[in-house]
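One letter stands for each residue in the lines below.
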Amino acid sequence: MKPWGNKEFWGVGSEYDPDWLLTEAQKKIRDDLMELCRTKIRPHAIECDRTYTFPRASLDAMGDLGLLGLVIPKDLGGMGETHTCGAMVVETLARYGCPATAMIYTMHLGACTTLLFRYHNNPHLKELLKRITKEKLVGALSASDPATGSHDWFPLSSKVRRLNARTVELLKYGSWSTGAGYADFYTLMTVSPEFKGNYANLSCFLVYKDEIRASPEEWSALGMHANMSGPLLVEGKFDVERMIGPPGDGRKNMEECIDSSFLLLTSCCWNGIALGCIDVAKKSVTRRAHADVGMRVCDYPVIQDYFGESLIDTNGSRSMAFLLGKSLDDATNNNDWAPHADLDYLPRSKLLPWLWQLKFVAAKNVSVVGDRMLYACGGEGYKTELGLERLIRDGKAGWVMAPSNELLKNLVGMSALKGFNAIDLWEENANERVLHQEVKKMTLEQKERVGRRLLEEASQERQGASANHPYQDTDFLNPFNTAQPKALTQDLKTPDGVVHSAALRQDTWTPLALVSRKDVGSKMSSFVFALPRSTDHTGCFPGQFLAVRVTVDGKHHLRYFSPVSRPQDFGRVELVLRFESQGIVSNFFKALQLGEKVDFQGPCGGLEYEPNQLEALTVLASGGGVTPGLQLLRCVAQDPSDNTKVTLLYYVDSIQDILHREELDDLAAKGGEKIKVVYTLGETPEGWSGEEGFIDSQMIDRHIAKPNGIKHKIVVCGGPTMSVSCVHALKTLGHSSENIFIYGQFGVEQVKAVYGRYAKLSSHRCDQA
């Protein structure tokens, strides 16, 4: 009998569990976990799913059993268990407890393996590993990137530079991170310092909860509600002890730890969900009867066939998972991490092609089994009370979770047909067959044009030269800059005879008091700070951004803001901040009271706009990224001598999300032909006459100046996904890369990703458009 408390388990019996694979100690771990699932995790799962609550109580309870240290060696305070045991624990947790908790736990074990991979000569990593079991710490992984989708091996939105022998500066934007803001520590995958455009040159870093920015409360999805997945942003300076392994070691860590652990354990999560679907469906069909024919639902042969096929398919997937768990154990002497002191010891990587297949099989199976059990249960299964509906929703994540099943079947098929050398994850090898085929289609003029460009690029590469300014792409904050940011330091004299001095400096901090604040959206507020004198100007050019420093618990924290006020709005500077629930600076501003002071410094970079240097200025913006564009429109509108034509093409999800709409409409109405504002919405209300949908090539072509040789700067203000999409659209329409300026530290990488490694870059100045 399989016990469920003091009764027999109501699902599939133990005769369909491969107990012979487990040691007695591992069976004890499973039995203890099943009881914990029965008493705490399973009841808690329903509430966490309903309310989108991170299951910290369930994880802490697992910590009480020592399970947070499952794969950590015993001499570091863990249980020292095997891959097979890890597979069993995740399956058990997903089947009897909570699939979302099982997925969070999968990420935790993956994060632990990344530390174990390179803790041998790093005291900081070793000390953290010792704390995990004792303090019940939960870890997470962040490898995904908003600009490259499920291609999580290509961290385009990351940046690292070495400041000195002991310090690195790091910027990482992760698009999907399970437990973002809730986990205690995170392993990040980024490019390496001095990666020189080679995205296969990866490194991994350790950061802690108080060093990330996230808004997990915005997580809303079909299933896995308690995962609290979402974007994660890390920026700051870190000791090199936070680097996991030497520079460039990230690719090995990804293949040996992140991929092998993630693929095995997520597959076990999908298997556990499939078993959970079969269990709850059995409870339904064995207890319900059709009185008119005197049969229980389970007595129908078709229902028996559904269950038989589902159990056979699921046990086939389970068998593959446990086979690979055992194979990993054999390859690593039962998960022994000591040999990894040798940086080239990579036994798990050899099994990746099999792990790809496992994930595909398990993710496909859980989706099919969930649907089949719904058919078996009928309307009873459709109701939430049975619990099948939640399991089906959670299981649907399997197919789409990176690496998606579409990607996996392509990798397997390509390698089987053309060999593993054909897999080119980092775009390092040209497909000459395709090149020859495309060249055949070209006219003579097209061939000559492409040939000239290729010869020019080859000559630059051979000589180590660049078409761009030597300073460009050397400034961490300002990759487009051809020089250090310029400040407007001179006094300004207005017609009334008043002399206005610059209030802010680039090398010193100036405390400014908050004089007003106003909500400008559901999660955004405007903050106005007084400059030291009512006659002061900021000292910035329009388009430049500032640094803000706050002190929390004796530690300084920095953020950069583009003011929405004009530099010539004397005596004041206005910022708009989008609040994050997990972010020290964000929470500081949330609590900031009138009269309290914040330190300012700048200008720190950004566009340096001056009147009449351009014929046309286009701003492509999304969401809160509109702030630089709003300032530019205000400056142009209020300067009658500036004849620059400005177009703002502004995307937001809904009409309520448009920032400063009344003012923008007023600027456009009074600006005549000089100012044009176009809104585009994700969800349009009845009667909406503006644009609909994301900014694309057709929309851009309808509203902005054509690439006809005029002095035109196109400024992109938004997240990585939006920026790359807009750059692709601009290239399609024939706009030169020289005219595209992107706010943010990843702008140059985004332009080069679309226009090519040797693309001519825009300057930060408008007289060099």
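Structure shown above.
A few points on the structure. (Residues numbered from 1 in each chain as written. Predicted model: local features only at pLDDT ≥ 70, side-chain atom pairs only at ≥ 80, totals over all residues. Heavy atoms only, no water.)

Quick look at the overall build of the protein now. The helix and strand tally for the protein stands at 20 helices and 25 strands. Taken against the 2.2 N^0.38 rule, which gives 27 Å for 769 residues, the C-alpha radius of gyration of the protein at 29 Å falls within 12% of a compact globule. Seen along its three principal axes, the alpha-carbon backbone of the protein occupies a region of about 95 × 65 × 60 Å. Within the protein, the fraction of its 769 residues that count as buried is 56%. Considering only intrachain contacts with a sequence separation of at least 6, the fraction spanning at least 24 residues in the protein is 74%. Of the accessible surface of the protein, which amounts to about 32,700 Å², a share of 52% is contributed by carbon and sulfur atoms. Distance between charge centres in the protein, computed from 86 positive and 94 negative side chains, equals 1 Å. (Helix = DSSP H or I, 4+ residues; strand = E, 2+ residues; numbered from the N terminus. Rg over C-alpha atoms; globule rule 2.2 N^0.38 Å. Buried < 20%, exposed > 50% of the residue type's maximum accessible area, 1.4 Å probe, protein only. Contact = heavy atoms within 4.5 Å. Areas by Shrake-Rupley, 256 points an atom, 1.4 Å probe, with all protein chains shown as cover. Lys, Arg positive; Asp, Glu negative; His and termini not counted. Charge placed at Lys NZ, Arg CZ, Asp CG, Glu CD.)

On to the packing of aromatic side chains. Enumeration according to the criterion identifies 22 aromatic pairs in this entry. Aromatic side chains Phe195 and Tyr199 sit 5.0 Å apart centroid to centroid with 65 degrees between the ring planes, which places their arrangement in the edge-to-face category. An aromatic cluster of at least three residues, connected via ring pairs, comprises Phe527, Phe529, Phe561, Phe579, Phe588, Phe589 and Phe600. Cation over ring: Lys283 sits above Trp10, and NZ or CZ is 4.1 Å from the ring centre. A cation over an aromatic ring shows up here: Lys731 above the ring of Tyr755, its NZ or CZ 5.8 Å from the ring centre. (Phe/Tyr/Trp six-rings, centres within 6.5 Å; stacked < 30°, edge-to-face > 60°. Lys NZ or Arg CZ within 6 Å of the ring centre and 35° of its normal.)

Residues Asp653, Asp657, Glu683 and Glu692 make up a contiguous surface patch of negative charge. Its place among the elements puts Glu683 in the loop between strand S22 (675–681) and strand S23 (691–692). Residue classification places Glu683 among the exposed positions, given a relative accessible area of 59%. (Patch = residues over 30% accessible without salt bridge, like charges linked within 9 Å, V, L, I, M, F, W, Y side chains within 5 Å. Salt bridge = Lys/Arg side-chain N within 4 Å of Asp/Glu carboxyl O.)

Let us now look at the environment of Leu531. For Leu531, the location among the structural elements is in the loop between strand S15 (524–530) and strand S16 (544–552). As for Leu531 and Gln768, which are separated by 237 residues in sequence, their C-alpha atoms are 31 Å apart. Not counting residues up to four positions away in its chain, the partners in contact with Leu531 are Ala503, Leu512, Asp536, His537, Thr538, Gly571, Arg572 and Val573.

To continue, consider the side chain of Ser737. Within the element layout of this structure, Ser737 appears in the loop between helix H19 (720–732) and strand S25 (740–742). Given the relative accessible area of 7%, Ser737 is considered buried.

Here 9 bridges tie strand S5 (residues 167–177) to strand S9 (residues 230–239), and the two strands are oriented antiparallel to one another. Its bridge partner being in S9, Val168 is matched across the sheet by Phe238. As paired elements, strand S8 (residues 213–214) and S9 share 2 bridges and run antiparallel to each other. Among the inter-strand pairings, Ala214 is bridged to a residue of S9, identified as Leu232. (Pairing = 2+ DSSP bridges.)

This part takes up the state of the cysteines. Here is the idea: a disulfide is a covalent bond, and it sits between the sulfur atoms of two cysteines. Within this structure, the stated rule accounts for 0 disulfides. Cysteine Cys604 remains unbridged, with the sulfur of Cys540 as its closest cysteine sulfur at 8.0 Å. Residue Cys604 is classed as buried on the basis of its relative accessible area, which comes to 14%. Not part of a disulfide, Cys717 finds its nearest cysteine sulfur in Cys726, a span of 9.9 Å. Accessibility expressed as a relative area gives 2% for Cys717, which makes it buried. (Disulfide = S-S within 2.5 Å.)

Glancing now at the sheet that holds S22. Here we have 6 strands laid out as an open sheet, ordered S23-S22-S21-S20-S24-S25, and parallel in their pairing. Each of the sheet's edge strands pairs with one partner strand only, and the pair in question is S23 and S25. As judged from the 3 bridges shared by strand S24 (residues 712–717) and S25, these two strands associate in the parallel manner. Pairing of Ile714 across the sheet is with Ile740, part of S25. Lying over the sheet, helix H17 (residues 661–671) contacts strand S21 (645–652) and S22, oriented at roughly 140 degrees with respect to S22. (Axes fitted to C-alpha atoms, helices over the stretch in contact; angles between N-to-C directions.)

Turning to the nonpolar core, a few remarks are in order. In this structure, Tyr105, Ile132, Phe185, Trp270 and Tyr650 are the most contacted members of the largest nonpolar core, which totals 182 residues. When residues of this core are assigned to their parent elements, the largest contribution, 18 residues, is made by helix H6 (residues 250–287). Excluding residues that lie within four positions of it along the chain, Tyr105 makes contacts with Met62, Leu67, Leu68, Leu70, Val89, Val90 and Leu93. Counting residues in hydrophobic clusters, the runner-up holds 21 residues, among them Val548, Val573, Val585 and Val598. (Core = buried A, V, L, I, M, F, W, Y, C linked by side-chain atoms within 4.5 Å.)

Turning our attention to the pairing of S24. In regular strands, side chains alternate between the two faces of the sheet. The element S24 is largely enclosed, with a buried count of 6 among its 6 residues. Along S24, one buried face is formed by His712, Ile714 and Val716 and the opposite face, lined by Lys713, Val715 and Cys717, is buried too. The sheet contact formed by strand S20 (residues 616–622) and S24 spans 6 bridges and is parallel. Bridge pairing in S24 links Ala616 to His712. Between the parallel elements S24 and S25, the chain passes through H19 in a crossover that is right-handed. (Right-handed = clockwise from strand over helix to strand, strands pointing away.)

Strand order in this open sheet of 4 strands is S4-S5-S9-S8, and the pairing throughout is antiparallel. With one partner strand each, in any of the chains shown, strand S4 (158–164) and S8 form the two edges of the open sheet.

To continue, consider the packing of helix H8 (residues 352–377) against helix H12 (residues 405–418). Helix packing geometry: the angle between the two helix axes and the distance between the axes. In contact at an axis separation of 9 Å, H8 and H12 are set at 140 degrees when each is read in the N-to-C sense. Relative to H12, the element H8 lies oblique. When you trace H8 past H12, the crossing you get is left-handed. Contacts from Trp356, Gln357, Lys359, Phe360, Ala363 and Lys364 of H8 reach H12 at Asn405, Leu408, Lys409, Leu411 and Val412. (Parallel < 35°, antiparallel > 145°, perpendicular 65-115°, else oblique. Left-handed = near helix turned anticlockwise from the far one by under 90°.)

Before going further, it helps to spend a moment on the pattern of salt bridges. As enumerated under the stated definition, the model contains 50 salt bridges in all. Here Arg318 ties to Glu91 by a salt bridge, and the two come within 2.8 Å at their closest N and O atoms. Placement of Arg318 in helix H7 (residues 301–331) and of Glu91 in helix H3 (residues 83–97) is noted, with a sequence separation of 227 residues between them. Here the two residues Arg318 and Glu91 agree in accessibility, since each one is buried. Across the pair Asp299 and Arg296 runs a salt bridge, and its minimum N-O distance is 3.5 Å. Its relative accessible area of 39% is what places Arg296 among the partly exposed residues.

By themselves, these figures tell us nothing about what the structure is for.
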